[in-house]
Each structure stands twice: as structure tokens, then as C-alpha cells.
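# A structural walkthrough
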Amino acid sequence: MLKKQHLPHNVAGLVLLCILCSSLLTGCWDRIEVEDRAVVLAMAIDQVQEEEQFKEEEVTHESGHDPRGEKIRVTMQIAVPGRLPLGPSGDGGGGGGEAKPVWVLSTVAHSLEDAFSNMQQQVADRLFFGHLRVIVISEAVARRGLQDINEALRRETEVRRTAWMIVSKKKAAHLMEIAPQLERVPALYLYDMVNHSVINGKLPRSNLGLFWRAVSTPGQEGFCRWWNPGVGKMFSSRGWLISGGIGWWERQIRSRSAR
């Protein structure tokens, strides 16, 4: 009578280890190539004109199923593949006559999530917020409260907490159209302006993550940078304090250090 032969325990363990390792070699099944992404570098949120409140963009909603609420205008600065500078530019800045490295798009929506859906139907590639650097909000929108905007950005997992939020005295979309001489990508120029102001101690450190933590903590207030194009300086030491994400007021801020 033949006896059953059993593999040694070390051989059986090695076979099991090879089977488990093979499952890790299946590759990135859900990968998205860089060329197939619409990389959003900056975003501006403005209040719409009175006549635009009653105009509905027929891109996401069926007739009779329109969402309710006051509308906002969202403008995005999207990177154009192949035009982003990888080194020093020959013309020395962004004001030359070369093709623009970014594409500025705008849409009107009832909420930020609705704006993302509308914007997605204007571009062929999938919107990607992993490189979002600056979020500019007009003063008119900030006066209405930032609770809904903060909630929408928090739910977007690709948005990094290292981005900066700016409150603009005038129309926020104007910052999406600037052409700085020292940087070809406007969003990176804005990001460096705020970041260097913090490093030099001119403004307190309060990126998006710290801002959200402050407005979510009882007894604390979030701080946003304030931009006024009429005062001759890019950013002022005066800032906006957002209480609980639903109201705001203006105070004078003195930054002792860049902590």
C-alpha cells in the first residue's frame, strides 16, 4: 500500500510565500497616466452677477431637477501638458509671446461640487486636484460664509492640506489671469509669494490644513491671507479671521515669526 508523501514544512511555506508575492506583481490596475489628467493648479470662487442667477447651464442637470441655492462662479487654472517649463526660460519670464502654460476655464454652479461636475464636462481628461496650490475666494463670497466650500474641499481627497487660501478684495478670477514676469506659471508665483511671506515672518503660517483645524476647534479662529490689488502690495499683514467657518470679520494681524 502506497503511503502519502507530505512536503516539508519549509517547502510548503516557500510555495505559499511565492503565491502571495505573485499577487503583488499585478501592476497598477487603476493607474491614470499624467497625460490623461487635467491638473488643476489654482482655483477662484466669485459671486455671480444678478442676471446669471437665473441662467442654468445644461451640462449636468435634467430639466426639472435643478439644484437650489445661490450660485457661484468657479474659475480654474489647468496645466497644459508639454508647455510647463522644466528649466530656466529663455525669455526670462512669463510675459513673452509664447503659448501659455495654463488654460483658464470658468463655470457657474450652485455649489463647489456642482462646479466640479460642470467643469469636468468641459475637459476631456479627468480633473486632478493633487497639485492644487492656491484657492482664491472673493470678499463677497467670504461674507456669506465658507462652511459649504470647506466641506466640499475636505471631501475631495486629492486636495492637499499644504495649499493656501486667499481672500481677495476684488474679483478672485483676476488672479487666474495674471502674467508675472518672474514665473511662467501664475499659480506657482502666487504660491511662492505667500510661502515666502510666511518664511520671512511677514504673515503667520496658516495653510489649508491649519485653517481647517482652527475653524473646527472651539475657541479658535482660522486665518486667511487678504489680497487687495489697490494698495500696491501683493499681500497685506491684515487678514481675515473666519469664526467657525460661517462668519468672518477683519482684524489687524501682527506676525512675530514664521512659526
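Look a little higher up for the structure.
Anyway, here's the lowdown on the structure attached to this text. As the structure is a computational prediction, the values presented were derived from the model and not from experiment. What you see as residue numbers is a count from 1 along each chain, following the sequence as written. Thresholds applied to this predicted model are a pLDDT of at least 70 for local features of residues and 80 or more for the giving and counting of side-chain atom pairs; totals over whole chains, interfaces and linings are not thresholded and use all residues. As a convention, hydrogens and water are excluded, and side-chain values are obtained from all of the structure's heavy atoms.

### As for the overall build of the chain
Along the chain, the regular secondary structure elements total six helices and nine strands. Counting every position in the chain, which comprises 259 residues, the buried fraction comes to 41%. What makes two residues a contact is simply this: any of their non-hydrogen atoms within 4.5 Å. The long-range share in the chain, meaning contacts at least 24 apart out of those at least 6 apart in sequence, stands at 73%. Carbon and sulfur atoms make up 52% of the accessible area of the chain, which amounts to about 15700 Å² in all. A run of H or I in DSSP becomes a helix once it reaches four residues, and a run of E becomes a strand once it reaches two; helices and strands are each numbered from the N terminus. Buried residues are those whose accessible area, probed at 1.4 Å on protein chains only, stays under 20% of the maximum for their type, while exposed residues exceed 50% and partly exposed ones sit between those limits. Note on areas: these come from Shrake-Rupley sampling with a 1.4 Å probe, and a residue is covered only by the protein chains present in the view.

### Some thoughts on a nonpolar patch on the surface
Patch membership requires over 30% relative accessible area and the absence of a salt bridge. Like charges are linked within 9 Å, and nonpolar side chains (Val, Leu, Ile, Met, Phe, Trp, Tyr) within 5 Å. Salt bridge criterion: a side-chain nitrogen from Lys or Arg within 4 Å of a carboxyl oxygen from Asp or Glu. There is a patch of nonpolar side chains on the surface, built from Val11, Val15 and Ile19 and spanning about 240 Å² of accessible area. Relative to the helices and strands, Val11 resides in helix α1 (residues 9-22). Taking the relative accessible area as the measure of exposure, Val11 reaches 34% and is therefore partly exposed.

### A closer look at the pairing of strand β2 (residues 72-79)
Along a regular strand, successive side chains alternate from one face of the sheet to the other. Of all eight residues that make up β2, seven are buried, and the element is covered over most of its length. Here strand β1 (residues 37-47) pairs with β2 via seven bridges, running antiparallel. Bridging across to β2, Asp46 finds its partner in Arg73. By definition, two strands form a pair when at least two bridges between them are found by DSSP.

### Considering the environment of Asp46
Relative to the helices and strands, Asp46 resides in strand β1. Taking relative accessible area as the criterion, Asp46 reaches 2% and is therefore assigned buried. Along the chain, Asp46 and Thr75 lie 29 residues apart, while their C-alpha atoms are 8.2 Å from each other. Not counting chain neighbours up to four residues away, the residues in contact with Asp46 comprise Ile72, Arg73, Ser138, Val141, Lys171, Ala172 and Ala173.

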